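So you can see what is in the structure, the chains are spelled out below.
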Amino acid sequence: MVGMAVSSFTSASLDPPLVAFFPGKASSSWARIRGAGRFCVNILAADQEDVCRKFASHEQDKFGGVDYTMSPLGLPIIEGAIASIECELENVVDAGDHDLALGRVMALTSDGERHPLVFFKSGYGHFRSNAPTSAAGTVSTRH
Ligand SMILES: Cc1cc2nc3c(=O)[nH]c(=O)nc-3n(C[C@H](O)[C@H](O)[C@H](O)COP(=O)(O)O)c2cc1C
C-alpha cells in the first residue's frame, strides 16, 4: 500500500465527474500510484494531523498504525476521514516539476458532520465558518 499527503486537491468537472491533484514528479509514491492506475483521495478531518504527517513523510509503510478498511473496489478508506473519493486515473498532464493528475470518480463516501484538517503558513489547524452557527439540542420542561 502506498500514499502521499497532498494539499493540491480540487474538483475539476461535474460531467464527467473528475477530480485533480498535483503530485511532484520526484515523488516515489506518485510513481507507484500512477502505475496502479487508480487511487482513493481521503479528505482528512481536523483531528487527523498525525495521519497527514505520516503520509507527508518518506516512511516506507505510510499505512503503519493508520486505521483503514478496503473498499469493494480494493482501495484504502482511512477511518475518520470526512470524505473518501475513489478514482480511476483518467489523464496525466505535464506541469513543470509536478504532474496534473486527473481522476474519474467511481465511488464517494462522506461524513458531513466532521470538519476538515487545514494546512496554512506551515501549520495545521481547522476550519472556522463565518456563518452564524446554531447549536442543535433539546428543549424540555417539567410540566
Ligand atoms: C500539507 C501538505 C501538503 C502537501 N501537498 C503536496 C502536493 O500537493 N503535491 C505533492 O507532490 N506533494 C505534497 N506534499 C508532500 C508529499 O506529501 C511528500 O513529499 C511525499 O509524501 C513524500 O513521499 P515520497 O517521496 O515517498 O513519495 C505535501 C505535504 C504536506 C505536509
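Please refer to the structure placed before this passage.
Here the structure is a predicted model, which is why all the values come from computation and not from measurement.

Calculation notes
Residues numbered from 1 in each chain as written. Predicted model: local features only at pLDDT ≥ 70, side-chain atom pairs only at ≥ 80, totals over all residues. Heavy atoms only, no water. Helix = DSSP H or I, 4+ residues; strand = E, 2+ residues; numbered from the N terminus. Contact = heavy atoms within 4.5 Å. Areas by Shrake-Rupley, 256 points an atom, 1.4 Å probe, with all protein chains shown as cover. Lys, Arg positive; Asp, Glu negative; His and termini not counted. Charge placed at Lys NZ, Arg CZ, Asp CG, Glu CD. Buried < 20%, exposed > 50% of the residue type's maximum accessible area, 1.4 Å probe, protein only. Pairing = 2+ DSSP bridges. 1 Å grid on protein atoms, 1.4 Å probe; cavity = no way out; pocket = protein on both sides within 12 Å on 5 of 7 lines; lining within 4 Å. Points joined across faces, edges and corners; volume = space filled by probe spheres on them. Patch = residues over 30% accessible without salt bridge, like charges linked within 9 Å, V, L, I, M, F, W, Y side chains within 5 Å. Salt bridge = Lys/Arg side-chain N within 4 Å of Asp/Glu carboxyl O. Arc of directions from axis to C-beta. Near = heavy atom within 4 Å. Polar contact = N/O pair within 3.5 Å; in protein donor to acceptor, adjacent residues only side chain to side chain. Nonpolar A, V, L, I, M, F, W, Y, C, P; charged D, E, K, R; others polar.

### Brief notes about the overall build of the protein chain
Argument step 1. Across its full length, the protein chain carries two helices and nine strands.
Argument step 2. For the protein chain, the succession of helices and strands along the chain, N to C, is β-β-α-β-α-β-β-β-β-β-β.
Argument step 3. The principal-axis extent of the C-alpha atoms belonging to the protein chain is close to 70 × 35 × 30 Å.
Argument step 4. Excluding contacts between residues fewer than 6 apart, the proportion of contacts in the protein chain whose partners are at least 24 apart in sequence is 60%.
Argument step 5. Surface exposure of the protein chain reaches about 9500 Å², of which carbon and sulfur atoms provide 52%.
Argument step 6. With 12 positive and 16 negative side-chain charges, the protein chain shows a separation of 4 Å between the mean positions of the two kinds.

### Regarding the pairing of strand β2 (residues 18-21)
Argument step 1. Burial of β2 is two-sided: the residues Leu-18 and Ala-20 facing one way and the residues Val-19 and Phe-21 facing the other way are all buried.
Argument step 2. Hairpin geometry of strand β1 (residues 10-13) and β2 is characterised by an intervening segment of four residues between the two adjacent antiparallel strands.

### Concerning the layout of surface pockets
Argument step 1. Of the voids in this model, the largest pocket is the one considered here, and its volume is about 850 Å³.
Argument step 2. Lining the largest pocket we find 33 residues, and of these Met-4, Ala-5, Val-6, Val-41 and Asn-42 sit closest to its centre.
Argument step 3. Counting only elements with at least two residues in the lining of the largest pocket, the list comes to α1 (28-36), β3 (38-43), α2 (49-56), β5 (76-78) and β8 (117-120).
Argument step 4. Considering each element in turn, the lining of the largest pocket owes the most residues, six residues, to β3.

### Some thoughts on a nonpolar patch on the surface
Argument step 1. Taken together, the side chains of Met-1, Tyr-68 and Met-70 present a nonpolar region at the surface, about 280 Å² in accessible area.
Argument step 2. Its location among the elements puts Tyr-68 in strand β4 (residues 68-70).

### Re α2
Argument step 1. Listing the buried residues of α2 in full gives Val-51, Cys-52 and Phe-55. Across the axial projection of α2, the buried residues extend over an arc of 100°, all falling on one side.
Argument step 2. Packing partners of the buried residues in α2 comprise β5, β8 and β9 (123-126).

### Focus: the site of the ligand
Argument step 1. Close to the ligand lie 19 residues; Ala-5, Ser-8, Gly-24, Ser-27 and Ser-29 are nearest.
Argument step 2. At 2.6 Å from an oxygen atom of the ligand is found a side-chain nitrogen or oxygen belonging to Ser-27.
Argument step 3. Burial of the ligand by the protein chains amounts to 79% of its free accessible area of 640 Å².
Argument step 4. Sorting the residues of the shell around the ligand by element identifies α1 and α2 as the ones contributing at least two each.
Argument step 5. Considered class by class, the residues forming the shell around the ligand number nine nonpolar, nine polar and one charged.

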